Amino acid sequence: MDSSTRRNRAIWEAAARKYVDEHDELLEEARTGSSLFPAEAALLEPLLRDGPLVVHLQSGHGLDDIALVRAGARRVVGVDYSATTNGAAQRRADALGFACTYVVAALPGAPLADGCAGLVYTGKGALIWQPDIAAWARDAARLLRPGGHLFVYEEHPAHPLWTWDLDEPRIRADRGYFDRSYLSDTFPGVGATVWLWTLGEIVTAVVEAGLTVRHLSEYAEPFWRAGGLDAAAFRGRLPNAFALVCSR
């Protein structure tokens, strides 16, 4: 594991205490609703129809895992390098009786068998922690059985460029679309190295890993607003999220 990944892991482990402290609130969210966005749920519906085993790479707080089982997944295996996060997610899944299990591991290199998954699901702040997008794509493809799908619902690569001004969208002077990385100044990764990949690099990585692109769409609404903030850049004029569906 390289030094930036070790540092990022330590920062994420500390930030993950939030998911322990907010257990009751998150449990109620999982019990009463779905964390999947409407556009995301619509794309996932045919992929979950036959009840696949789902591997969720960088599974985080686990609410998406519960939502995936509720939407049709037979079982979800979450992989995250935070033991704290995984423990909190497992506690919620067990409390609600959902078939979710968790593995502590850094990615790429998920300690799961080749071809074990009918669906690999990821996103919502996952790809920004990957220093090698090509290696990540190869590992995701390795996990898929023939006919399986990779599903990504993620922050748009342009999203980190937008300022949080309320009057007009502006571009941050300290970031560029073709930059390789930056140091995060927001939760959950304050001080962590965030890796930047253009949309072209992401699509090229999955194609070179042997997958076929079936769908690519872009959205104005970000998948997460830190502290519930508003910004002119989030009001329909600029891309803030994207969905990618690939098949093996």
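On a predicted model such as this, the values are computed, not experimentally measured, just so you know. By convention here, each chain's residues receive numbers from 1 onward along its written sequence. Residues qualify for local features only when their pLDDT is at least 70, as the model is predicted, and side-chain atom pairs are given and counted only at 80 or more; totals for whole chains, interfaces and linings, by contrast, use all residues. Only hydrogens and water are set aside when side-chain values are computed; all heavy atoms of the structure are taken into account.

(A) Expanded view of the overall build of the protein chain. Only runs of H or I of at least four residues qualify as helices and only runs of E of at least two qualify as strands under DSSP, and these elements are numbered from the N terminus. In terms of regular secondary structure, the protein chain is built from eight helices and nine strands. Expressed along its principal axes, the backbone C-alpha trace of the protein chain runs to roughly 45 × 40 × 35 Å. When contacts within the protein chain are restricted to residue pairs at least 6 apart in sequence, those whose partners lie at least 24 apart make up 71%. Surface exposure here means Shrake-Rupley accessible area, sampled with a 1.4 Å probe, where a residue is shielded only by the protein chains that are shown. Per element, the accessible surface of the protein chain, about 10,700 Å² overall, is 54% carbon and sulfur. Lys and Arg are tallied as positive, Asp and Glu as negative. Neither His nor the chain termini are counted. Charge positions come from single atoms, namely NZ of Lys, CZ of Arg, CG of Asp or CD of Glu. Charged side chains of the protein chain number 25 positive and 31 negative; the gap between the two group centres comes to 4 Å. Contacts: residue pairs with any heavy atoms within 4.5 Å of one another.

(B) Main features of the sheet that holds strand 1 (residues 53–57). The rule for pairing is simple: two strands pair if DSSP sees at least two bridges between them. Spatially, seven strands are ordered 3-2-1-4-5-9-8 in an open sheet, and the strand pairing comes out mixed. For this open sheet the edge positions go to strand 3 (100–104) and strand 8 (212–219), each flanked by a neighbour on one side alone. Averaged over all pairs of adjacent strands, the angle between their axes in this sheet comes to 15 degrees, without regard to strand direction. In the sheet, strand 5 (residues 144–155) pairs with strand 9 (residues 241–247) via seven bridges, with the strands oriented antiparallel. Looking at the pairing, Y153 lines up with A243 of strand 9. Between N-to-C directions, angles span 0 to 180 degrees; the directions come from axes that are lines fitted to C-alpha atoms, helices contributing only their stretch in contact.

(C) Structural context of empty space enclosed by the protein. A cavity here means a set of 1 Å grid points, computed over protein atoms only, where a 1.4 Å probe fits but cannot escape. A pocket is an open set with protein on both sides within 12 Å along at least 5 of 7 lines, and lining residues have an atom within 4 Å of a point. Grid points are joined across faces, edges and corners, and a volume is the space filled by probe spheres set on the points. Scanning the entire structure with this criterion turns up two cavities of 30 Å³ or more. In this structure, the largest cavity spans a volume of roughly 100 Å³. If you go around the largest cavity, the residues you meet are L127, I128, E154, E155, H156, P157, P160, W195, L196, W197, I202 and F242. Under the scheme applied here, ten amino acids are nonpolar (Ala, Val, Leu, Ile, Met, Phe, Trp, Tyr, Cys and Pro), four are charged (Asp, Glu, Lys and Arg), and all others, including Gly, are polar. Here the lining of the largest cavity is built from residues that sort into nine nonpolar, one polar and two charged.

(D) Structural detail: helix 1 (residues 3–15). Here, expected helix span is obtained from the residue count minus one, scaled by 1.5 Å. Taking 1.5 Å of rise per residue, the 13 residues of helix 1 would be expected to cover 18 Å, and the 18 Å separating its terminal C-alpha atoms lies within 8% of that figure. All buried positions along helix 1 are accounted for by S4, T5, N8, W12 and A15. Along the long axis of helix 1, the arc covered by the buried residues comes to 90 degrees, so they all point the same way. Among the structural elements, helix 2 (17–21), strand 2 (75–80), helix 6 (83–96) and strand 7 (193–195) are those in contact with the buried residues of helix 1. Throughout this description, buried means an accessible area under 20% of the type-specific maximum (1.4 Å probe, protein chains only), exposed means over 50%, and partly exposed covers the range between. Read the arc as the range of directions from the helix axis to the C-beta atoms.

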